[in-house]
Amino acid sequence: MRSEGKFYDDKNFPRGFNRSGVFTISEATLLENYGRTMSGLASGAMAPVSDSESQFLAEIRGETDANSNFAKCWLKYVYKTTNKVKSYTLCASQRKSANSYDDDTDSDVGGDDDLDY
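Residues numbered from 1 in each chain as written. Predicted model: local features only at pLDDT ≥ 70, side-chain atom pairs only at ≥ 80, totals over all residues. Heavy atoms only, no water.

Novice: What is the right way to read the overall build of the chain from this model?
Specialist: Along the chain, the regular secondary structure elements total 3 helices and 0 strands. Shown N-terminal to C-terminal, the secondary structure of the chain runs as helices and strands in the order α-α-α. Here the chain, with 117 residues, has 22% of them falling under the buried criterion. Counting contacts in the chain only where the partners sit at least 6 residues apart, residues at least 24 apart contribute 56% of the total. (Helix = DSSP H or I, 4+ residues; strand = E, 2+ residues; numbered from the N terminus. Buried < 20%, exposed > 50% of the residue type's maximum accessible area, 1.4 Å probe, protein only. Contact = heavy atoms within 4.5 Å.)

Novice: Could you clarify how one ought to interpret the packing of helix α1 (residues 25–43) against helix α2 (residues 51–61) in this entry?
Specialist: The geometry of a pair of packed helices is captured by two quantities: the angle between their axes and the separation between those axes. Here α1 crosses α2 at 60°, and the two axes come no closer than 10 Å. Classed by the angle they form, the pair α1 and α2 counts as oblique. In this structure, α1 meets α2 at a crossing whose hand is right-handed. Judged by residue contacts, T37, M38, L41 and A42 of α1 engage E53, F56, L57 and I60 from α2. (Axes fitted to C-alpha atoms, helices over the stretch in contact; angles between N-to-C directions. Parallel < 35°, antiparallel > 145°, perpendicular 65-115°, else oblique. Left-handed = near helix turned anticlockwise from the far one by under 90°.)

Novice: Explain the packing of aromatic side chains to me, please; I cannot follow it from the model alone.
Specialist: To describe a pair of aromatic rings, you give the distance between the ring centres and the angle between the ring planes. Applying the stated criterion to the full structure yields 10 aromatic pairs. Pairwise contacts between aromatic rings join F7, F13, F17, F23, W74 and Y77 into one cluster. (Phe/Tyr/Trp six-rings, centres within 6.5 Å; stacked < 30°, edge-to-face > 60°.)

Novice: Hey, could you run me through the pattern of salt bridges in this one?
Specialist: Two side chains that carry opposite charge are able to pair once their charged atoms sit near each other. A complete count under the given rule lists 2 salt bridges for this structure. The residue K76 makes a salt bridge to E27 at a minimum N-O spacing of 2.9 Å. Within this pair, whereas K76 is found in helix α3 (residues 69–82), its partner E27 is found in helix α1, the two being separated by 49 residues in sequence. A residue is classified by how much of its surface remains accessible, and E27, at 18% relative accessible area, is buried. (Salt bridge = Lys/Arg side-chain N within 4 Å of Asp/Glu carboxyl O.)

Encoded structure:
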């Protein structure tokens with residue numbers, strides 16, 4: 001696979017692929033060095049010039065199983081950038097209205113009149 005320069009995705013990975021916590025070191029290196037080529041091949045902007053690039057296209061299109069590191073890495077990148085992350089919490093956040101809490105300024109609490117000196 002040919003290298004077309006460094007590949008960065010500041011929108012999805014502003015601190016870089018290495019520091020994202022999503023990719024391994026080898027995957028981050030593959031994306032940085034060959035990401036432009038993989039992106040161009042996947043979008044159709046570039047034509048494959050070698051057998052490895054033709055194999056890469058077949059693997060990412062689903063025509064063959066993804067066995068190469070390039071295809072596995074690119075499919076992982078596409079999955080992480082296109083699928084929204086769902087997060088679940090275990091606590092309920094039902095907010096009370098402003099008038100629903102009990103205020104301690106009621107008149108039946110007792111004032112200075114109730115004190116015996």
